[in-house]
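# Understanding the architecture of this molecule
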Amino acid sequence: MSGERIGSPRSAIVVGAGIVGLSTAWFLQEHGVEVTVVDRTGVAAGASWGNAGWISPGLTIPLNEPSVLRYGLRSLLNPAAPLHIPVTADPSLWSFLLRFAANCRWSSWTRAVHANRPLSEDCIEAFDVLTAGGVAAETVAAPITAAFVGRHQAEGLLAELRRLADAGQPVDHTVLTGDELREHIPLAGPALTVGVRINQQRYVDPGRFVDALGRAVVARGAVIDQRTVTAVRAHGAGVLVRTEDGSALTADVAVLAAGAWVSRLAAPHGVRMPVQAGRGYSFTVPVQRPVPGPIYLPEVRVACTPYQGALRVAGTMEFRGPDAPLVPARLDAIVASARPLLDGVAWDQRTDEWVGPRPVTTDGRPIIGATRTPGVYVAGGHGMWGLTQGPITGRLLAEQITTGKQPAALHDVSPLR
């Protein structure tokens, strides 16, 4: 039995100032809860700043499909592969990968689709609630256009979209000829001959959006405290949060939204689902032609987004410690894979080089809800879809915390599964 709190709290400590933590703080404030946000490095310092910025319910495809397992095994022999698993003696990483491999089957993939579907269905509305409520950052409506060298290669994505539809998550999409593709993607090189346009999506400047969300939370009375949390425990009728400097904070409830670092804090509260850093890389490059919307290159697993008059390029899934330094070879690998496919991109003038740890679970489902400790909740494990699902996660979890009732949308993402 989970540690659901009885009665609506008046105060909360949210650990983590990324899109998930700040969204939870904002929606808790909507319910009249006084919030303190604690983060070791400040707003949008983890995976929330440098990601591709897609609000893409049509592409929330679980990572744990059988082909990923086969691809991952081949990637062990190729250090430049988009999916990179460094040879390491870290037993926790190999334990995670074994559990992940056990979930790379269609039955687990389908369960993940069903679990993620309610989050995907309402994710855009949750963004609209934030911007209508004073978060001063825009979301841009635009399709995401996937581009391929041939119809055979496009069939992989089309098959995934058919599987999503069969699992109850239909995706509005349009197949494009080469000429139609170039109308949508002026940067498309001659090697790209087929496109799949994913309709009814959006994108944002993620750092700017999360920074605006942080300012809105503070304007509504929250405090953002830059400290490292070391432990959370029950304390009387509430919770006590200890920090690295030896101090402690108390509140009625605590929310652990610490991204790829959440497992260490959540494990003492009965959360057995591990969260591993699947690190993504990005950079910004100038372009010679307009970029009307996001570009997806599935064959090389690269995502491109209009960004401050240039192009943000993101890619790689690297299973390495969340605090490990940036590996320049990973950026070089992204450039080498995308350069033959896009024209008019100044690849050698890249700036804003970044690496951030996406929080990945072994079964393709996030962990959102109550733990075994009364008053302690978890929100994380969204993998590549933290930005897309962050606001709706905060909205649903705030409802659970303040009413004591688990929303139906959170049944399959319990941290105690």
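Now for a quick tour of the structure.

Cut-offs applied
- Residues numbered from 1 in each chain as written.
- Predicted model: local features only at pLDDT ≥ 70, side-chain atom pairs only at ≥ 80, totals over all residues.
- Heavy atoms only, no water.
- Pairing = 2+ DSSP bridges.
- Helix = DSSP H or I, 4+ residues; strand = E, 2+ residues; numbered from the N terminus.
- Axes fitted to C-alpha atoms, helices over the stretch in contact; angles between N-to-C directions.
- Buried < 20%, exposed > 50% of the residue type's maximum accessible area, 1.4 Å probe, protein only.
- Contact = heavy atoms within 4.5 Å.
- Left-handed = near helix turned anticlockwise from the far one by under 90°.
- Nonpolar A, V, L, I, M, F, W, Y, C, P; charged D, E, K, R; others polar.

Pairing is antiparallel in the open sheet, where three strands are placed in the order β11-β12-β13. Strands with a single pairing partner mark the edges of an open sheet, and in this sheet they are β11 (229-235) and β13 (248-251). Here the average twist between neighbouring strands, direction ignored, is 20°. As judged from the four bridges shared by strand β12 (residues 238-243) and β13, these two strands associate in the antiparallel manner. From the neighbouring strand, Arg242 faces β13, where its bridge partner is Ala248.

We now examine the side chain of Thr362. Structurally, Thr362 can be placed in the loop between β19 (351-360) and β20 (367-370). A residue is classified by how much of its surface remains accessible, and Thr362, at 1% relative accessible area, is buried. Ignoring sequence-local partners within four residues, the contact set of Thr362 consists of Phe96, Arg99, Phe100, Asn103, Met273 and Pro274.

Counting buried positions along β12 yields five of six residues, so the element is predominantly enclosed. Bridge count between β11 and β12: six bridges; the pairing is antiparallel. Bridged to Val229 within β12 is Thr243. Adjacent in sequence and paired antiparallel, β11 and β12 are bridged by two residues, among which Gly236 carries a positive phi angle near 60°.

What follows concerns the packing of helix α1 (residues 19-30) against helix α5 (residues 123-132). Packed helix pairs are specified by the crossing angle of their axes together with the interaxial distance, meaning the distance between the axes. Where α1 contacts α5, the axes come no closer than 12 Å and their chain directions differ by 65°. Note that α1 runs across α5; the crossing there is left-handed. Of the residues in α5, those touching α1 at Ser23, Trp26 and Phe27 are Ala126, Val129 and Leu130. For the contact of α1 with α5, the per-class residue count stands at five nonpolar, one polar and no charged.

Note that every value here comes from positions in space, so none of it alone points to a role or purpose.
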